[in-house]
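Chain by chain, the residues run as shown.
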Amino acid sequence: MDTLPSTKQHLKVWNDHLMNVGRSQDRQAFKALFEHFGPLLKSYFMSKFPSQHSVQMMDELVQEVMIKVWQKAMTFDPSKAAASTWIFTLARNTRIDMLRRQSKYATTSSLETEDIWDDTTEDGPYQLLQHNRDSSQIQTSLKQLPEEQSLVIRKVYMESKSHSEVAEELNLPLGTVKSRVRLAQSKLQSLIKR
Amino acid sequence: MIHHHPDDNLLTEYAAGTLDTAQAIAITAHLHFCTQCKHKIMLMEQTGGAMLETLSPEPIAPDSFDSLMSMIEKGENNRRSTPRKAGDLPNVVSKMMDHQSLKWRKVNSSLKTANLVAGQKQHAVSLQKINAGGVVPEHDHRGVEITVVLKGSFSDKNGIYQAGDFVLKEPGDVHQPLSASNEDCLCLSVESAPVKLTGLFSRLLNPFIKLRVA
Ligand SMILES: [Zn+2]
């Protein structure tokens with residue numbers, strides 16, 4: 001597998017690949033994206049749905065995300081978001097999609113997941129986006145969080161657990177989970193903005 | 001100018017995609033008006049992207065890429081996304097309004113409400129219209145009620161709320177919204193349990209609430 005992206009150069013590679021898929025349906029670039037992000041996406045889905053679902057289904061969810069990457073790559077704007085950020089939002093929405101498909105009520109609605117959770121980078125606030133930092137910087141910031149905060153934030157983002165689910169699992173009062181999330185977010189945001 | 005925003009916990013749950021659909025609709029409606037929160041969401045999503053990069057990769061079936069490409073070639077899973085209309089109202093709200101016939105129900109002389117189909121059962125999602133100068137009956141909240149002002153403004157004992165403002169009431173918060181005198185106020189409401197009107201009956205039960213005559 002690829003090594004962790006640690007330089008701006010490396011991150012630019014994924015942005016460029018996405019641009020090429022968007023501009024010219026570049027299959028080589030798409031394959032490179034698949035090989036890098038596919039296994040990470042699978043890991044993401046597996047942490048939300050451990051053992052309940054077949055391995056095959058996890059692969060299908062990964063494919064579903066990558067189809068969206070292919071179809072929507074022309075809307076990707078690297079000045080607004082990093083490739084990993086955008087792909088994270090697609091994965092998040094694919095997971096929500098799957099849960100909505102399982103609910104009998106969702107079909108009564110005219111709303112698609114993307115109407116509720118925007119996955120475009122197009123209409124982001126321009127003037128505010130000097131903060132599009134590379135993910136290695138955020139990874140460094142994540143490592144600086146106290147263990148109790150990073151544990152909670154990881155469960156929230158990667159295991160897709162609601163605050164109350166995290167509270168239950170860690171046997172903590174909901175208020176404690178909420179304040180750890182807030183502390184972590186304000187720390188991350190101050191580190192990112194710097 | 002927007003003065004009332006969702007807190008970082010709600011924004012985090014939205015960014016991580018764990019917020020329930022109805023409450024997420026309220027957040028999206030707020031984001032339509034609020035650049036500040038939109039920016040926060042983008043930063044929070046960056047955190048998600050960075051964390052994704054730190055997961056330990058899980059190997060994928062070797063033929064997965066080829067079968068993906070053949071799905072793409074066959075045009076399966078081709079999804080047409082409906083173009084967004086630029087308008088005053090958040091896209092998520094106008095889309096719900098366009099796909100159903102709204103049935104307005106009169107609550108009292110100044111308040112009308114219409115249910116919206118949001119594809120879930122945890123919350124009641126509705127539009128609320130307060131006539132210019134109208135007063136909503138004083139009410140308590142059995143569950144969490146989120147109100148996003150879409151047009152006009154209203155006020156209660158805690159402040160004035162204008163287009164885009166996001167107001168969250170916890171169970172036990174009693175308030176009596178009052179619309180601005182010069183224009184109708186339209187709000188999106190997301191409640192986790194039916195709002196209980198505290199009228200003459202509950203005045204006896206709750207002596208601390210002064211009942212004002214509307
Ligand atoms: Zn806001």
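For every chain, the first residue of the written sequence is number 1, and numbering continues from 1 along that sequence. For this description, chains carry letters from A and ligands carry numbers from 1, given in the order in which they are written. Residue-level local features of this predicted model are given only where pLDDT is at least 70; pairs of side-chain atoms are given and counted only at 80 or more, and the full residue set underlies all totals for whole chains, interfaces and linings. By convention in this description, side-chain values take in all heavy atoms of the structure and omit both hydrogens and water.

Asks: Would you mind showing me how to read the interface of chain B and chain A here?
Replies: Note on contacts: a residue pair qualifies if any of its non-hydrogen atoms lie within 4.5 Å across the two residues. The interface is formed by 60 residues belonging to chain B together with 78 residues belonging to chain A. Between chain B and chain A the total buried area reaches about 6,500 Å² when both faces are included, carbon and sulfur atoms providing 63% of it. Here the quantity called buried area is the accessible surface, traced with a 1.4 Å probe, that two parts lose on coming together, added over both. Of all residues in chain B, B:Gln46, B:Leu52 and B:Glu53 give up the largest surface area on contact with chain A, accounting jointly for 11% of the area buried on that side. Every case where a carboxyl oxygen of Asp or Glu lies within 4 Å of a side-chain nitrogen of Lys or Arg is listed as a salt bridge. Ionic pairing is found between B:Lys95 and A:Glu112, a salt bridge with its closest N-O pair at 3.8 Å. In protein, a polar contact means a hydrogen-donor-capable atom and an acceptor-capable atom, both N or O and within 3.5 Å, with residues adjacent in sequence counting only if both atoms are side-chain atoms; elsewhere, any N or O pair within 3.5 Å suffices. Taken together, the connections running from chain B to chain A amount to 24 residue pairs in polar contact (both at pLDDT 80 or more). Strands here mean DSSP runs of E at least two residues long; helices mean DSSP runs of H or I at least four residues long; both are numbered from the N terminus. Mapped by element, the contributors of at least two residues to the side of chain B that touches chain A are helix H1 (8–16), helix H2 (21–33), helix H3 (35–52), helix H4 (64–74) and helix H5 (91–98) of chain B.

Asks: I'm lost on the sheet that holds strand E9 (residues 178–179) of chain B in this one. Help?
Replies: Working definition: the strands of a sheet are paired by backbone hydrogen bonds and lie parallel or antiparallel to each other. Residue and element names in this part refer to chain B. One requirement defines pairing of two strands: DSSP has to find at least two bridges between them. With antiparallel pairing, three strands are arranged side by side in an open sheet as E7-E6-E9. Single-partner strands in this sheet number two, and they are strand E7 (159–162) and E9. Where strand E6 (residues 153–156) meets E7, four bridges bridge the pair, whose relative direction is antiparallel. When the bridges of E7 are listed, Ser155 appears paired with Ile160.

Asks: Where do I start with the sheet that holds strand E3 (residues 124–130) of chain B in this structure?
Replies: Residues and elements named next belong to chain B. The strand order E1-E2-E3-E10-E5-E8 describes an open sheet built from six strands, whose pairing is antiparallel. On the outer flanks of this sheet lie strand E1 (105–108) and strand E8 (166–169), each paired with one strand and no other. Pairwise comparison of adjacent strand axes, ignoring direction, gives a mean angle of 25 degrees for this sheet. Of the strand pairs in this sheet, E1 and strand E2 (residues 111–115) are connected by three bridges, and their pairing is antiparallel. Simply put, an axis is a line fit to the C-alpha atoms, just over the touching stretch for a helix, and the angle between two N-to-C directions goes from 0 to 180 degrees.

Asks: Help me understand unusual backbone geometry, please; the structure alone is not making it clear to me.
Replies: If a residue is not glycine, its phi is most likely negative; likewise, a peptide bond is most likely trans. All names here are of chain A. Phi is positive for Gln25, close to 50 degrees, though the residue is something other than glycine. Following the sequence through the fold, Gln25 ends up in the loop between helix H1 (8–24) and helix H2 (27–48). Unusually for a residue other than glycine, Asn171 sits at a positive phi of about 55 degrees.

Asks: Even after reading the chapter, I still don't get H2(A), so can you show me in this structure?
Replies: The α-helix advances 3.6 residues per turn, and as a result positions three or four apart in sequence lie on the same side. Residues and elements named next belong to chain A. The end-to-end C-alpha separation of H2 is 30 Å, in line with the 32 Å expected for 22 residues at 1.5 Å each. The sharpest bend along H2 comes to roughly 35 degrees, located at Phe37, with the proline Pro39 sitting one to four residues further on. A distance of 2.9 Å separates the backbone nitrogen of Gln28 from a side-chain oxygen at the start of H2, and that oxygen is part of Asp26. For a helix, the expected span equals 1.5 Å multiplied by the number of residues minus one. Two axes define the bend at a residue: one fitted to the seven residues ending there, one fitted to the seven starting there, and the bend is the angle between them.

Asks: In this structure, what is going on with helix H8 (residues 163–170) of chain A? I would like to understand it.
Replies: All names here are of chain A. Accessibility here uses a 1.4 Å probe with only protein chains present; expressed as a share of the type maximum, an area under 20% marks a residue as buried, one over 50% as exposed, and anything in between as partly exposed. When H8 is considered as a whole, its buried residues turn out to be His163, Val166 and Ala167. Viewed end-on, H8 has its buried residues packed into an arc of 100 degrees, placing them on one side of the element. Once H8 finishes, Asn171 follows within two positions and takes phi at roughly 55 degrees, a positive value. It is the directions from the helix axis to the C-beta atoms whose arc is reported.

Asks: I tried to follow the nonpolar core on my own but got confused; where do I start?
Replies: Within the largest apolar cluster, 92 residues are counted, with the highest numbers of intra-cluster contacts made by A:Phe30 and A:Leu41. Of all the elements, H2(A) adds the most residues to this core, at nine residues. Residues in contact with A:Phe30, not counting those within four places in the same chain, are A:Val21, A:Met66, A:Val69, A:Trp70, B:Phe65, B:Leu68, B:Met69 and B:Ile72. Membership of the second largest hydrophobic core comes to nine residues, among which are B:Ile130, B:Val136, B:Val167 and B:Cys187. What makes a nonpolar core is a set of buried Ala, Val, Leu, Ile, Met, Phe, Trp, Tyr and Cys residues whose side-chain atoms join them at distances within 4.5 Å.

Asks: Where do I start with the packing of aromatic side chains in this structure?
Replies: Geometry of an aromatic ring pair is reported as the spacing of the ring centres plus the angle between the planes. Think of it this way: a Phe, Tyr or Trp ring, Trp meaning its six-membered ring, pairs with another when their centres are within 6.5 Å, and the plane angle makes it stacked under 30 degrees, edge-to-face over 60, tilted otherwise. As enumerated under the stated definition, the model contains ten aromatic pairs over all chains in all. Aromatic side chains A:Tyr44 and A:Phe45 sit 5.4 Å apart centroid to centroid with 65 degrees between the ring planes, which places their arrangement in the edge-to-face category. Of the two residues examined, A:Tyr44 and A:Phe45, each falls in the buried class. Taking the centre distance of 5.8 Å and the plane angle of 15 degrees together, the rings of A:Trp117 and B:Tyr14 count as stacked. Here B:Tyr14 lies in helix H1 and A:Trp117 lies in the loop between helix H5 (113–116) and helix H6 (135–144), a pairing that spans two chains. Exposure class is identical for A:Trp117 and B:Tyr14. Each is buried. Clustering of aromatic rings is evident, with ring pairs tying together A:Phe30, A:Phe34, A:Trp70 and B:Phe65. Charge-over-ring placement is defined geometrically: NZ (Lys) or CZ (Arg) within 6 Å of the ring centre, and within 35 degrees of the ring normal. A cation sits over an aromatic face here: B:Lys112 above B:Trp104, 5.8 Å from the ring centre. Between B:Lys129 and the ring centre of B:Trp104, over which it is positioned, the NZ or CZ distance is 4.8 Å.

Asks: Would you explain the coordination of the zinc ion in this entry?
Replies: In an ideal tetrahedron of four donors about a metal, each angle is 109.5 degrees. In an ideal octahedron of six donors, the angles are 90 or 180 degrees. All names here are of chain B. The coordination sphere of the zinc ion contains the protein donors His5 (ND1), His30 (NE2), Cys34 (SG) and Cys37 (SG), at a distance range of 2.0 to 2.3 Å. We call an atom a donor if it is N, O or S and sits within 2.8 Å of the metal, or 3.2 Å for Na, K and Ca. Water is not counted, so some sites may look partial. By the criteria applied here, four donors are tetrahedral when all angles lie between 85 and 135 degrees, four are square planar and six octahedral when opposite donors are over 155 degrees apart and every other angle lies between 65 and 115, and any other arrangement is irregular. Here the zinc ion is ringed by four donor atoms whose angles at the metal span 100 to 116 degrees, and the overall shape comes out tetrahedral. Counting residues between consecutive donors of the zinc ion along the chain gives the motif H-x24-H-x3-C-x2-C. Taken together, the positions of His5 in the segment before H1 and His30 in helix H2 put the pair 25 residues apart, joining distant regions of the chain.

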